[in-house]
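Take a look at the letters that make up each chain.
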Number of protein chains: 2
Amino acid sequence: MTDDNIIYVGNKPVMNYVLAVVTQFNNGADEVLIKARGRAISRAVDVEQIAINRFLSDVTTKKIETSTESLSTETGNTNVSAIEIIVGK
Amino acid sequence: MTDDNIIYVGNKPVMNYVLAVVTQFNNGADEVLIKARGRAISRAVDVEQIAINRFLSDVTTKKIETSTESLSTETGNTNVSAIEIIVGK
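This is a predicted model, so every value here is computed, not measured. Per chain, residue numbering runs from 1 following the sequence as it is written. Working convention: letters from A go to chains and numbers from 1 go to ligands, in the order in which they are written. Where local features are concerned, this predicted model is filtered to residues with pLDDT of at least 70; where side-chain atom pairs are given and counted, the filter is 80 or more; whole-chain, interface and lining totals use all residues. Hydrogen atoms and water are omitted, and side-chain values are computed over all heavy atoms in the structure.

> Explain the pairing of strand 2 (residues 31–37) of chain B here, please?
Side chains on a regular strand alternate between the two faces of the sheet. Residue and element names in this part refer to chain B. One requirement defines pairing of two strands: DSSP has to find at least two bridges between them. Put simply, DSSP H or I for four residues or longer makes a helix, DSSP E for two residues or longer makes a strand, and each gets a number counted from the N terminus. Where strand 1 (residues 6–8) meets strand 2, three bridges bridge the pair, whose relative direction is parallel. Looking across to strand 2, one finds that Tyr8 is bridged to Lys35. Crossover strand 1 to strand 2 through helix 1 (residues 14–26) is right-handed. Judged from the seven bridges that link them, strand 2 and strand 4 (residues 76–88) form a sheet pairing that is antiparallel. The residue bridging Arg37 from the neighbouring strand is Ala82, located in strand 4. We call a crossover right-handed when, viewed with the strands running away from us, the connection from the first strand over the helix to the second turns clockwise.

Here it is as C-alpha cells:
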C-alpha cells in the first residue's frame, strides 16, 4: 500500500472523503486505508459505510483497528483515540 | 453474552461508560459488547481504549464491526452508521 492509498478523514464533508476512496479504487488500488482521530472517527465509519454500500459493490471491509495516540499540546500531552479501517477487493 | 454485557454508548461522559464496562468484567463477564451509532461512535472507541489501556490489563479488543442502520424520522428514513466493539479476556 502506497501513501496515496491512505485517506485521512478530518472535518470536511463526508462525501469529500467518499469521493477520495472511490477515486483510489478507480485508479487501480486494491486496498485503501481510512484513518481518523478523535471526533473524526465517526465520520471515518460513515465514509467506509457509504463507500462500500453505495459506490463500491465489490469492496468490503477487511480490517478495523483502534489505538491511542499521544499528542503534545500547549497544555501538555493528551491522549486521543484513533481508528484505521482497511477496505479492499 | 447476555443483554447485561452490552454497553450502549450515547451522549453521557466517557467515564460513565468506561465504568460500566469495567463493572461488567468485575462481575465476572468474559466479554463485553460496546455499541454506538452516529456521532457516539468516536466516544465508543474512547471507551474501549480507556477501558483496556487504563483499567483492564487482561482484556483486549476481539472484534470490531461496522454497519449501517436505517432510522425512521419525522422527515423520512435516514441512514446512520453503527459500530460494535467486542472486548474480552
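> It is not clear to me how the layout of surface pockets should be interpreted in this structure. Could you clarify?
Empty space left among the atoms is revealed by rolling a probe the size of a water molecule over them. Cavities and pockets were defined on a 1 Å grid built over protein atoms only: a cavity is a set of grid points that admits a 1.4 Å probe from which the probe cannot escape, a pocket is an open set flanked by protein on both sides within 12 Å along at least five of seven lines, and lining residues are those with an atom within 4 Å of any such point. Grid points are joined across faces, edges and corners, and a volume is the space filled by probe spheres set on the points. When its volume is computed, the largest pocket comes out at roughly 430 Å³. Lining the largest pocket are 15 residues, and of these Arg39(A), Ser42(A), Arg39(B), Ala40(B) and Ser42(B) sit closest to its centre. Secondary structure elements with two or more residues in the lining of the largest pocket: helix 2 (40–55) of chain A together with helix 2 (40–55) of chain B. Looking at the lining of the largest pocket element by element, the count peaks at four residues for helix 2 of chain B. Residues are grouped as follows: Ala, Val, Leu, Ile, Met, Phe, Trp, Tyr, Cys and Pro are nonpolar; Asp, Glu, Lys and Arg are charged; every other residue, Gly included, is polar. Class assignment for the residues of the lining of the largest pocket results in four nonpolar, five polar and six charged.

> Mind showing me how you'd approach the sheet that holds strand 1 of chain B here?
Backbone-to-backbone hydrogen bonds pair the strands of a sheet. The strands run either parallel or antiparallel. All names here are of chain B. An order of 1-2-4-3 is seen for the four strands of this open sheet, with the pairing classed as mixed. Each end of this open sheet is capped by a strand with a single partner; those strands are strand 1 and strand 3 (60–73). Along the sheet, successive strands turn relative to each other by an average axial angle of 20 degrees, direction set aside. Contacts are residue-level and defined by heavy atoms, with any inter-residue pair within 4.5 Å sufficient. The axes used here are C-alpha line fits, helices contributing only the stretch in contact, and every angle between their N-to-C directions lies in the interval 0 to 180 degrees. Here helix 2 sits on the sheet in contact with strand 2, strand 3 and strand 4, set at roughly 5 degrees to strand 4.

> In this structure, what is going on with the nonpolar core? I would like to understand it.
Grouped burial of nonpolar side chains is what soluble globular proteins tend to show. One finds Val21(A) and Val21(B) to be the most contacted residues of the largest nonpolar core, which totals 52 residues. With residues near it in sequence (within four places) discarded, Val21(A) still touches Ile7(A), Val32(A), Ile34(A), Val47(A), Ala51(A), Leu56(A) and Val87(A). Within this scheme, the nonpolar core is defined by two criteria: the residues are buried Ala, Val, Leu, Ile, Met, Phe, Trp, Tyr or Cys, and they are joined through side-chain atoms within 4.5 Å. Burial classes follow relative accessibility: with a 1.4 Å probe on protein chains only, a residue under 20% of its type's maximum area counts as buried, one over 50% as exposed, and anything between as partly exposed.

> Looking at this structure, how should I read the packing of helix 2 of chain A against helix 2 of chain B?
Helix packing for two helices is described by the angle between their axes and how far apart those axes are. Packing of helix 2 of chain A against helix 2 of chain B leaves a shortest axis separation of 6 Å and a crossing angle of 115 degrees. Here helix 2 of chain A lies roughly perpendicular to helix 2 of chain B, going by the angle between them. In terms of crossing hand, the pair formed by helix 2 of chain A and helix 2 of chain B is right-handed. On helix 2 of chain B, the residues touching Ala40(A), Ile41(A), Ser42(A) and Val45(A) of helix 2 of chain A are Ala40(B), Ile41(B), Ser42(B) and Val45(B). Considering only residue class, the contact of helix 2 of chain A with helix 2 of chain B consists of six nonpolar, two polar and no charged. Roughly parallel covers angles under 35 degrees, roughly antiparallel covers those over 145, roughly perpendicular covers 65 to 115, and oblique covers all other angles. Should the near helix be turned anticlockwise from the far one by less than a right angle, the crossing is termed left-handed; should it be turned clockwise, right-handed.

> So what exactly am I meant to see when it comes to the sheet that holds strand 4 (residues 76–88) of chain A here?
All names here are of chain A. The strand order across the open sheet formed by four strands is 1-2-4-3, and the pairing between neighbours is mixed. Of all strands in the sheet, those bounded by a partner on one side alone are strand 1 (6–9) and strand 3 (60–73). Averaged over all pairs of adjacent strands, the angle between their axes in this sheet comes to 20 degrees, without regard to strand direction. As paired strands, strand 3 and strand 4 are joined by 13 bridges and run antiparallel to one another.

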